Structure formats: structure tokens, C-alpha cells
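# Structural overview
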Amino acid sequence: MFYYIIIALFIIALDQWTKWLIVKKMELGESIQVIENFLYITSHRNRGAAWGILQGQMWFFYVVTIVVIIGIIYYMYKAARGKWLLGVSLGFMLGGAIGNFIDRVYYKEVVDFINTYILGYDFPIFNIADSALVIGVGMLMIQMFKEERELKEKTNG
Ligand SMILES: CCC[C@@H]1OC(=O)[C@@H](C)C[C@H](C)CCCCC(=O)CCC[C@@H](CC)/C=C/C=C(\COC)CC[C@@H](O)[C@@H](O)C[C@H](O)CNC1=O
């Protein structure tokens, strides 16, 4: 249980440190090429959620994020005992949710800077917290499929 909180704290620290660097070192809209036509660091702000949906609906984001955080901590306490993959995925999601929550409370918008062109499509600019959330969701799905398969094997005898 305790290790998963450490993972979340590490992700929050990394997320907030990178966002602090972007805010301090870069002008809004400034872009630095990392890998041509693939990866750029672009200073960007988003007052909404993914793809900029629900711009400015801060109260909605506060409520949803707090529900998400409480749900993760409860689930971590109840279900993650002994299931390290589940615990790690919850730790990633918790870190990501809190990382963006700090931005929304402090800046009233989220700092984004990872600008990738996946298969030529200009994917929305995101940040470490988003990556941790998406990775956490992905690991949670794997854990669920694993449990599903084990359950089937057990019932099939
Ligand atoms: C990743 C969740 C987004 C994150 O949710 C959060 O904070 C949570 C904790 C609080 C929200 C209020 C609730 C979830 C809204 C669900 C949602 O939005 C659909 C998600 C789909 C997702 C599949 C899982 C795809 C991925 C997208 C992107 C991330 O790609 C890596 C693009 C990110 C860029 O648009 C960037 O500008 C976003 C900005 O940083 C603010 N981020 C958020 O709102």
C-alpha cells in the first residue's frame, strides 16, 4: 500500500518539476524541436480536459478529480493488497490526477508541453500527469484481463 503512494508522490514531483521548468524557461507558444516531425516541447496551456473539452469548467474538474482521487485511494486500500500491478497502476493514476489538479487549483489551467506528431496527426499537447494517467489506465486494463483469464481457468477446472 505504502509503495503505491510513493509512486504517486514521485509522479507528482516529476510532473510539477517539468511544468515549473516550462513556465519558468519558456514563453507561451514557444516550441523546441526534439525529434524532427515527431517530438517537440511546446509551451501550451489547456483550460479544459483532453482535447480541450469543457474549457473553463473548473468546478466540474475539481469535483471529478476529487471523486477520481477518493475512488483510487479506496480501491488501493481495498483491492490492491498483494496485486502489485493493480497498485502500481493506481499509483500512476493517482499521481497524474493530483498533478493536473494542482495546476487547475493554482493556475486555473493545465500546463502542457509534450507535442508529438503520431503518424503525422498533431496529437493534443499533453504533460507527464496525462501520460501517467493513460499508462495507469492501460495497466489497470491489463490487470483486469489477467484476473478475467485466471477466473476462467479456475471455473473451467
Ligand atoms: C489523460 C486524461 C486527461 C486529463 O484528465 C484529468 O486530469 C483527470 C484526472 C480529470 C478530468 C477532469 C477527468 C477525465 C476526463 C476524461 C478525458 O478527458 C478523456 C481522456 C481520454 C484519454 C484516455 C485515457 C485520452 C488521452 C488524451 C490526452 C492525453 O494523451 C497522453 C490528451 C491530453 C491533452 O488534451 C491535454 O491538454 C490535457 C490536459 O493536460 C488536461 N488533462 C486532463 O484533463
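What this report covers is the structure whose coordinates are included nearby. Being a predicted model, the structure only gives us computed values, none of them experimental. (Residues numbered from 1 in each chain as written. Predicted model: local features only at pLDDT ≥ 70, side-chain atom pairs only at ≥ 80, totals over all residues. Heavy atoms only, no water.)

### Quick look at helix H4 (residues 128-156)
To keep things clear, this is the line we draw: Helix and strand labels come from DSSP, where a helix needs a run of H or I of at least four residues and a strand needs a run of E of at least two; each type is numbered from the N terminus. To estimate the expected span of a helix, subtract one from its residue number and multiply by 1.5 Å. With a 1.4 Å probe rolled over the protein chains alone, any residue whose accessible area is under 20% of its type maximum counts as buried; one over 50% counts as exposed, and the rest are partly exposed. Residues count as neighbours in contact if any of their non-hydrogen atoms are within 4.5 Å of one another. Two N or O atoms form a polar contact when they lie within 3.5 Å of each other; inside protein one atom must be a possible hydrogen donor and the other a possible acceptor, and for residues adjacent in sequence the pair counts only when both atoms belong to side chains.
Over its 29 residues, H4 extends 42 Å from the first C-alpha to the last, a length consistent with the 42 Å expected when each residue adds 1.5 Å. Every buried residue of H4 is accounted for by Ala129, Ala132, Gly136, Met139, Leu140 and Gln143. Elements in contact with the buried residues of H4: helix H1 (2-25), helix H2 (58-79) and helix H3 (84-106). Here H4 starts with a cap whose side-chain oxygen sits 3.0 Å from the backbone nitrogen of alanine 129, and that cap is asparagine 127.

### Quick notes on unusual backbone geometry
In this model, tryptophan 51 sits at a positive phi of 60°, which is unusual for a non-glycine residue. Mapped onto the fold, tryptophan 51 is located in the loop between strand S2 (39-46) and H2. Relative accessible area serves as the criterion here: at 59%, tryptophan 51 is assigned to the exposed category. Phi angles above zero are rare outside glycine, and lysine 108 is one such case at about 60°. Here lysine 108 shows up in the loop between H3 and strand S3 (110-118).

### A word on the packing of aromatic side chains
Let me state the cut-off plainly: Any two of the Phe, Tyr and Trp rings considered here, Trp counted by its six-membered ring, make a pair once their centres fall within 6.5 Å; the pair's planes then place it as stacked at under 30 degrees, edge-to-face at over 60, or tilted in between. Two thresholds decide whether a charge sits over a ring: the Lys NZ or Arg CZ must be within 6 Å of the ring centre and within 35 degrees of the ring normal.
Considering all chains together, one arrives at eight aromatic pairs under this definition. Arranged with centres 5.6 Å apart and planes meeting at 75°, the rings of tyrosine 40 and tyrosine 117 form a pair that is edge-to-face. Here tyrosine 40, found in strand S2, pairs with tyrosine 117, found in strand S3; they are 77 residues apart in sequence, far enough to count as distant. Since its relative accessible area comes to 15%, tyrosine 40 is described here as buried. Both rings, one in tyrosine 121 and one in phenylalanine 123, keep their centres 6.3 Å apart while their planes meet at 85°; by these two values the pair is edge-to-face. Since its relative accessible area comes to 28%, phenylalanine 123 is described here as partly exposed. The rings of Trp51, Tyr121, Phe123 and Phe126 are connected pair by pair, giving a single aromatic cluster. The ring of phenylalanine 61 carries arginine 104 above its face, with NZ or CZ at 4.4 Å from the centroid.

### Overview of the site of the ligand
What counts, and what does not: It suffices for a single heavy atom of a residue to lie within 4 Å of a molecule or strand for the residue to be listed as near it. Accessible surface is estimated by sampling points in the Shrake-Rupley manner with a 1.4 Å probe; for residues, cover comes only from the protein chains shown. Polar here means any residue other than Ala, Val, Leu, Ile, Met, Phe, Trp, Tyr, Cys and Pro, which are nonpolar, and Asp, Glu, Lys and Arg, which are charged; Gly is therefore polar.
For the ligand, the set of nearby residues contains 21 residues, the closest of which are Asn46, Trp51, Arg104, Asp112 and Asp130. At a separation of 3.2 Å, an oxygen atom of the ligand approaches a polar backbone atom of alanine 50. Within the contact set of the ligand, an oxygen atom lies 3.1 Å away from a side-chain nitrogen or oxygen of asparagine 100. Bound to the protein, the ligand loses 79% of the 830 Å² it would expose on its own. Broken down by secondary-structure element, the contributors of at least two residues to the shell around the ligand are H2, H3, S3 and H4. Partitioned by chemical class, the residues of the shell around the ligand number 13 nonpolar, five polar and three charged.

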